[in-house]
Amino acid sequence: MSKKHDSDYISAKKSRQISRFNRKLTKKLEKERNDASKDPALYTTTMKDPGNVVEFDNVCTYFFTDIGTVKAVDGVTFNVPKRATVGVVGESGCGKSVTSLSLMQLLQRPTGQTVGGEIRFNIGDGKALNIVKAPTAKMQEIRGNRVSMIFQEPMTSLNPVFRIGQQVNEVLELHHPEMSEEEVKARTLEMLELVGIANKEGVYNMYPHELSGGMRQRVMIAMALACEPDILIADEPTTALDVTIQAQILELMQDLQKKLGMAIIIVTHDLGVIASMCDEIIVMYGGRVCERGTADDIFYRPAHEYTKGLLRSIPSTQNMNERLIPIGGTPINMLDLPKGCAFCPRCDSAMKICLREQPVEMEISDTHHASCWMNVKNAKEGK
Amino acid sequence: MGKFILKRFLWSILILFCVMLIVYTLMHCLPTNYIDTMARQLATRPGNTKSATEWIAELNAQYGMDKGIIPGFFTWLKSAVRGEFGNSWRWTLPVTQKFRDVIWYSFALGVATFIFQVAIAIPLGVLAAKRQYGIADYSVTVIAMVCNSLPTFFVASVLKMVFSVKLGWFDIGGIISTRTHDAMSPFMQVMDMAQHLVLPTITIVIVSIGSLMRYTRTNMLEVLNADYIRTARAKGLPESKVINKHAFRNTLIPLVTILGGSLPGLFSGALITEQLYSIPGIGYTAYQSMIVGDIPFTMFYLSFISILTLLGNLISDILYGVVDPRVRLS
């Protein structure tokens, strides 16, 4: 029998080596994090721009699995200004969800670790919390309180054995121990009303299975916003909902943003959602940011081959009678990233340099940045 | 709810009828026949005038065994529904009286093992799930596997060897210290019995915690990967609260169901263990009756066990509706 030579195959010896390496490394990282709790100086820094809520600075989040290290997020940099909506788009497995989970430190540890970079979270007075290094106790203080998250699956994201009221109360009781029972209940009812639940008293005493998907997502939003966070992360908030409900939920989020003034990071693969909501768009591919800019920049002046491909592959009212042009090939194997540009194997305009070197980020305008060798080439040729 | 229970109750009666018919048939087909043995004994007695065959015919008529299986069964059933189970052949006592004499030993043993089983297996299962693939998890898994694989008689023999023969802490069998029991105060008598139940309890706990431990671990792991656990963490809840409140409450759903279902089992006795330690409980008594072919007592014991099993199933169904708000019985 011939020996298999595909990339999925690893020998038992190799697998043991990987496991040992992972164990050593993750133990070290966990220890560092635990040690950090002794000295706040280790995880407090300053914001580069006090107008931002969160600054991602070269964030690297890796998963140390038994078949190798998956560089799910590898050097992601972007800022979320106060009261702004930032959209993160990309295909499945490009690291968009992992980026948002890194901000919450909700990765499946010890396998998933943020190994490098800084995530600076503005805690006021120009001071910032470096979430990458922050100990778990510190994270628990800000989770649900200053950073909240809503998830893709409203059907399974609420605990089936507790009543809706209990679940919303819980987050208030946790972060505002000074509130009395009546105040907590009043606040919960207020939140339920705010997210557009008509029968708030009834829903307060219901179990999650008695509500529809859209209602549950509203409850999730109420829960996330109960403590008036500085930032709300919405990880594909509308993917599991049907189209009419999708629109309602997005509208609700925009509405609440105006009322409560939080920033929103919206993670999605739906360009339509992004176009209508976001002040800034981050396009991700293979764990890296390939292009970032305003909605106009991305939709009208795309400067990365991947973004161009994406836009070609969505139907619109203008190209109704034309064939859509999909991006060829399959998403890259995150275990085995190419040396050069991650999109290179699927790119129609790939050049030699794309295979060899990772593209540098180039400023196209004040708001618009892209990492594609084509831009460098065009700039050199004076176009 | 009431309708559901009534429906289940009627089904149970039908099942019970079929079970009893099968058991009765089997009892008649047993190779050990009490009447044959008796007849042979009587025939060999000095001064006996009848042959064994004649004795068999006479005894069969006397014990009502000459009617054939189906009419015999209905005769038994008719008196059984009135609560008359006849006299035990082996114990020469009314069946119900013998039952009343021995059941409490089995019940005490059942309750003790149940409590220890739950108190040991569930926390260990939760611990194993929390530290999945850690040292604690592997130890618990190995212990569970070993406990699950050990046969009762082996555990009992080892325990007896160590604690009774070598160390001499416990008697090797029986429920009372035969020589000193009568001289003790009532309180000491109870303590004496409790002391005799220590080894049987340990034996049953050892052989039975494995599966409950694994069951808890599996359920906990499944729950820990659920989306609502991530939501609980995203709320900022400390890990202890995530596990002990959000996860454990969900893990409890299947656990309560099986534990609730095993409650009637507290009365069913531990046939093998009671036998090994000569505890005169219901299991021991039933075993002694079975090996001599004592049909009235065995029939009573087996119908009792069937009722307990059916009751257990009914209780677990009802509890399922109680602990899981998603389930409404109809």
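Cut-offs used in this document
- Along each chain, the written sequence defines residue order, and numbers are assigned to residues from 1.
- Lettering for chains starts from A, numbering for ligands starts from 1, and both go in the order in which the items are written.
- Per-residue local features are limited, in this predicted model, to residues with pLDDT of at least 70; the limit for side-chain atom pairs, both in listing and counting, is 80 or more; totals at the level of whole chains, interfaces and linings are taken over all residues.
- The basis for every side-chain value is the complete set of heavy atoms in the structure, and neither hydrogens nor water enter the calculation.
- The rule for a salt bridge is simple: a side-chain nitrogen of Lys or Arg has to be within 4 Å of a carboxyl oxygen of Asp or Glu.
- Under the DSSP-based scheme used, a helix requires at least four consecutive residues in state H or I and a strand at least two consecutive residues in state E, with every element numbered from the N terminus.
- Here's how the labels work: a residue is buried when its accessible area is under 20% of the maximum for its type, exposed when over 50%, partly exposed in between, all with a 1.4 Å probe on protein chains only.
- Scored between 0 and 100, pLDDT is the confidence that the predictor attaches to each residue.
- Every residue pair with non-hydrogen atoms within 4.5 Å of one another is taken to be in contact.
- Note on definitions: buried area is the accessible-area loss of two parts on being combined, 1.4 Å probe, summed for both.
- Here a polar contact is recorded for every N or O atom pair within 3.5 Å, except that within protein the pair must consist of a potential hydrogen donor and a potential acceptor, and residues adjacent in sequence are included only if both atoms are side-chain atoms.
- Side-chain classes are defined by residue name, with Ala, Val, Leu, Ile, Met, Phe, Trp, Tyr, Cys and Pro counting as nonpolar, Asp, Glu, Lys and Arg as charged, and the others, Gly among them, as polar.
- Working definition: a disulfide is two cysteine sulfur atoms within 2.5 Å of each other.
- What a helix is expected to span follows from its residue count: subtract one and scale by 1.5 Å.
- Note that bend, as reported per residue, equals the angle between axes fitted to the 7 residues terminating at that residue and the 7 residues originating from it.

**Things to note about the pattern of salt bridges**
A side chain with one charge may pair with a side chain of the opposite charge, provided their charged atoms come close.
All names here are of chain A.
Link 1 in the chain: All chains considered together, the criterion is met by 24 salt bridges over all chains.
Link 2 in the chain: Arg187 serves as the salt-bridge partner of Glu190, at 3.3 Å between the closest nitrogen and oxygen. Note that Glu190 and Arg187 are positioned in helix H6 (residues 181-194) at a spacing of three residues, about one turn of the helix.
Link 3 in the chain: Judged by its relative accessible area of 13%, Arg187 falls in the buried class.
Link 4 in the chain: Each member of the salt-bridge network shares a partner with another, and the members are Lys48, Glu55, Asp57, Glu118 and Arg120.

**Quick notes on the confidence of the model for chain B**
Residue and element names in this part refer to chain B.
Link 1 in the chain: Across chain B, pLDDT averages 85, with 99% of residues at or above 70.
Link 2 in the chain: Across chain B, helix H9 (residues 227-234) holds the top mean pLDDT of 91, while helix H3 (residues 52-63) sits lowest at 77.
Link 3 in the chain: Reported confidence for the predicted complex is 0.85 by ipTM and 0.80 by pTM.

**Brief notes about the interface of chain A and chain B**
Link 1 in the chain: Contact residues are listed per partner, giving 24 residues for chain A and 20 residues for chain B.
Link 2 in the chain: Roughly 2,100 Å² of surface becomes buried between chain A and chain B when both sides are summed, with 60% attributable to carbon and sulfur atoms.
Link 3 in the chain: Ranking the residues of chain A by area buried against chain B places Pro160, Val161 and Glu170 of chain A at the top, with a combined share of 27%.
Link 4 in the chain: Inspection of the chain A/chain B interface yields two salt bridges.
Link 5 in the chain: For the salt bridge of Lys235 of chain B with Glu170 of chain A, the shortest nitrogen-to-oxygen distance reads 2.7 Å.
Link 6 in the chain: In this structure, the connection of chain A to chain B is made through twelve residue pairs in polar contact (both at pLDDT 80 or more).
Link 7 in the chain: Contributions of two or more residues to the side of chain A that touches chain B are made by helix H4 (154-157), helix H5 (164-175) and helix H8 (213-225) of chain A.
Link 8 in the chain: Ranked by residues supplied to the side of chain A that touches chain B, first place goes to H5 of chain A with five residues.
Link 9 in the chain: Residues that form the side of chain A that touches chain B fall into these classes: twelve nonpolar, nine polar and three charged.

**Overview of the state of the cysteines**
Link 1 in the chain: For the structure shown, the criterion picks out zero disulfides over all chains.
Link 2 in the chain: Cys354 of chain A supplies the cysteine sulfur nearest to Cys341 of chain A, a cysteine that is in no disulfide, at a spacing of 5.9 Å.
Link 3 in the chain: With no disulfide partner, Cys29 of chain B has as its closest neighbouring cysteine sulfur the one in Cys18 of chain B, 17 Å distant.
Link 4 in the chain: Cys29 of chain B sits in the exposed class, given a relative accessible area of 55%.

**Section: helix H10 (residues 239-261) of chain B**
One full turn of an α-helix is made of 3.6 residues, so residues set three or four places apart face in the same direction.
All names here are of chain B.
Link 1 in the chain: Helix length check: H10, at 23 residues, gives a terminal C-alpha distance of 31 Å against a target of 33 Å (1.5 Å per residue), a fit within 8%.
Link 2 in the chain: At Phe248, H10 shows its maximal bend, which comes to roughly 45°.
Link 3 in the chain: Among the residues making up H10, those that are buried are Val242, Ile243, His246, Ala247, Asn250, Thr251, Ile253, Pro254, Leu255, Thr257, Leu259 and Gly260.

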